[in-house]
Amino acid sequence: MSFKRRKIAVIGAGFTGATTAFLLGQKELGDVVLVDIPNLENPTKGKALDILEASPVQGFDANIIGTSNYEDIQDADMVIITAGIARKPGMSRDDLVNTNAGIMKAVSENVAKYAPNSYIIVLSNPVDAMTYVCYKTTGFPKNRVIGQSGVLDTARFNTFVSQELNVSVEDVSGFVLGGHGDDMVPLVRYSYAGGIPLEKLIPQDRLNAIVERTRKGGGEIVALLGNGSAYYAPAASLVQMAEAILKDKKRILPSIAYLEGEYGYQDIYLGVPTVLGGDGIEKIIELELTAVEKSALDKSADSVRKVMAILS
Ligand SMILES: NC(=O)C1=CN([C@@H]2O[C@H](COP(=O)(O)OP(=O)(O)OC[C@H]3O[C@@H](n4cnc5c(N)ncnc54)[C@H](O)[C@@H]3O)[C@@H](O)[C@H]2O)C=CC1
Ligand SMILES: O=C([O-])CC(=O)C(=O)O
């Protein structure tokens, strides 16, 4: 027996996929196989080689390859799916649903075939519905099919709070529940700076403005970029979740998880607090919500269901 590096497949070698591959390498979380469509095979190989050539400078050991051949993801331990189209100014994430559902189905079939024991993290939008498509297509157990939204949404919230208070981002811990849309539910009541409830530090009108900016955080970047959506913070968020699983850290992080009764919902993927460790989503943490918070979460879940209904 000998020890081997983990194998991590990143499907979709666009802005989020390539950035994720770079961060995975830098953190030495494993060897990375970057996959895109055959038409983009050379650019994909080029991105992988470019990242590899950064490794002597940055001082990390990880093999990074680019490919369009799914055989190269054979027996991957983890698969991160970023394949799909991104929105442009004026579009909502939900406008991507039909195109990305087709892509997600095709990708998921290949993942089930070549990496049947992998842990999957889905990024492609609309991500709650796309994680559901991936779950249904792969037939993997629910703990191994996970979506990313809450780490990013919370990161945005924490950024805005740290700017408001002029304190370190490291001391801010926000909390965002629900679907990855403008109805997401930043839970101020469970958010702190240095252990102090935010409601004691920031006036209510400023907190409301931070909640609103968080909800529209993706759109703010889309409007600024003009031709695509955020990728540095999304990639960092994916890598934090990947690290929690690959290192069995048992971190409490928000994940898009399959719900079977938790928070009163059935057969839906939605953002909730989870324990992420060596077996993926090891636990969903259920919190007491006030009537106002629960009705905000219901609204967010309804928005996700509307998108899922387009696909059924
Ligand atoms: N859940 C979240 O928090 C976030 C989700 N996103 C979503 O992630 C997705 C990717 O965003 P970007 O990387 O910025 O887009 P991008 O357009 O830069 O990259 C997407 C890549 O997917 C590839 N692709 C398409 N079909 C494929 C297939 N069948 N197999 C393999 N690769 C395929 C494309 O060729 C392209 O290179 C979008 O749907 C975007 O909305 C982005 C940021 C945050
Ligand atoms: O806004 C988008 O389309 C991409 C995304 O999900 C985000 O950055 O939160």
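Up top is the structure.
Before going into details, it helps to say that this report is about the structure given with it. Source: prediction; values computed, not measured. (Residues numbered from 1 in each chain as written. Chains lettered and ligands numbered in written order. Predicted model: local features only at pLDDT ≥ 70, side-chain atom pairs only at ≥ 80, totals over all residues. Heavy atoms only, no water.)

**Let's talk about the packing of helix α5 (residues 150-165) against helix α6 (residues 204-215)**
For the record, the criterion: As a rule, the C-alpha atoms of each element are fitted with a line to give its axis, helices using only the stretch in contact, and angles between N-to-C directions run from 0 to 180 degrees. Under the DSSP-based scheme used, a helix requires at least four consecutive residues in state H or I and a strand at least two consecutive residues in state E, with every element numbered from the N terminus. For any helix crossing, the convention is left-handed if the near helix is rotated counterclockwise from the far helix by under a right angle, and right-handed if that rotation is clockwise. The contact criterion used throughout is that any non-hydrogen atoms of two residues lie within 4.5 Å. Under the scheme applied, nonpolar residues are Ala, Val, Leu, Ile, Met, Phe, Trp, Tyr, Cys and Pro; charged residues are Asp, Glu, Lys and Arg; polar residues are all the others, including Gly.
Contact geometry for α5 and α6: axes closest at 9 Å, N-to-C directions at 145°. Where α5 crosses over α6, the two elements pack in a sense that is right-handed. Here D153, F157, F160, V161, Q163 and E164 of α5 lie close against α6, whose contacting residues are R206, I210, V211, R213 and T214. Class assignment for the residues of the contact of α5 with α6 results in 5 nonpolar, 2 polar and 4 charged.

**Focus: the site of ligand 2**
Rules: Distances are taken per atom, and a residue is near a molecule or strand as soon as one of its heavy atoms is within 4 Å of it. Counted as a polar contact is a pair of N or O atoms within 3.5 Å, where, for protein atoms, one must be capable of donating a hydrogen and the other of accepting one, and residues adjacent in sequence contribute only when both atoms are in side chains. Per-residue and other accessible areas were derived by the Shrake-Rupley procedure at a 1.4 Å probe size, with only the shown protein chains allowed to occlude residues. Think of a 1 Å grid over just the protein atoms. A cavity is a set of points where a 1.4 Å probe fits yet cannot get out, a pocket is an open set with protein on both sides within 12 Å along at least five of seven lines, and lining residues have an atom within 4 Å of a point. Being in a pocket or cavity means that more than half of the molecule's atoms lie within 2 Å of its grid points.
The immediate surroundings of ligand 2 are formed by R87, R93, N125, L152, R156, H180, G218, V222, S229 and A230. In this structure, R156 approaches ligand 2 through a side-chain N or O atom, which is 2.7 Å from an oxygen atom. For ligand 2, an oxygen atom lies 2.7 Å from a polar atom in the side chain of H180. For ligand 2, the accessible surface in isolation is 260 Å², of which the surrounding protein chains cover 94%. Of all the cavities here, the one that holds ligand 2 is the largest pocket. When contributions to the shell around ligand 2 are tallied by element, the ones reaching two or more residues are α5 and α7 (217-225). Of the residues that constitute the shell around ligand 2, the class distribution is 3 nonpolar, 4 polar and 3 charged.

**A few points about the sheet that holds strand β10 (residues 192-193)**
Threshold: At least two bridges found by DSSP between two strands is the condition for calling them paired.
Across the sheet, 3 strands lie side by side as β7-β10-β11; this open sheet has antiparallel pairing. Edge positions in the open sheet fall to β7 (172-173) and β11 (196-197), since each of these has one partner strand only. As defined by bridge partners, β7 adjoins β10 across 2 bridges and the pair is classed as antiparallel. Bridging across to β10, S173 finds its partner in Y192.

**A word on the packing of aromatic side chains**
So the rule is basically this: Centres within 6.5 Å make a pair out of two Phe, Tyr or Trp rings, where for Trp the six-membered ring is used; the pair is then stacked when the planes are under 30 degrees apart, edge-to-face when over 60, and tilted otherwise. Remark: exposure states derive from per-residue accessible area (1.4 Å probe, protein chains only) relative to the maximum for the residue type, with buried under 20%, exposed over 50%, and partly exposed in between.
Applying the stated rule across the entire model yields 6 aromatic pairs. Relative to Y190, the ring of F175 lies with its centre 6.0 Å away and its plane at 45°, an arrangement referred to as tilted. Taken together, the residues F175 in the loop between β7 and β8 (176-177) and Y190 in the loop between β9 (185-186) and β10 connect sequence positions 15 residues apart. Residue class for Y190 comes out partly exposed when judged on its relative accessible area of 21%. Both rings, one in Y258 and one in Y269, keep their centres 5.4 Å apart while their planes meet at 50°; by these two values the pair is tilted.

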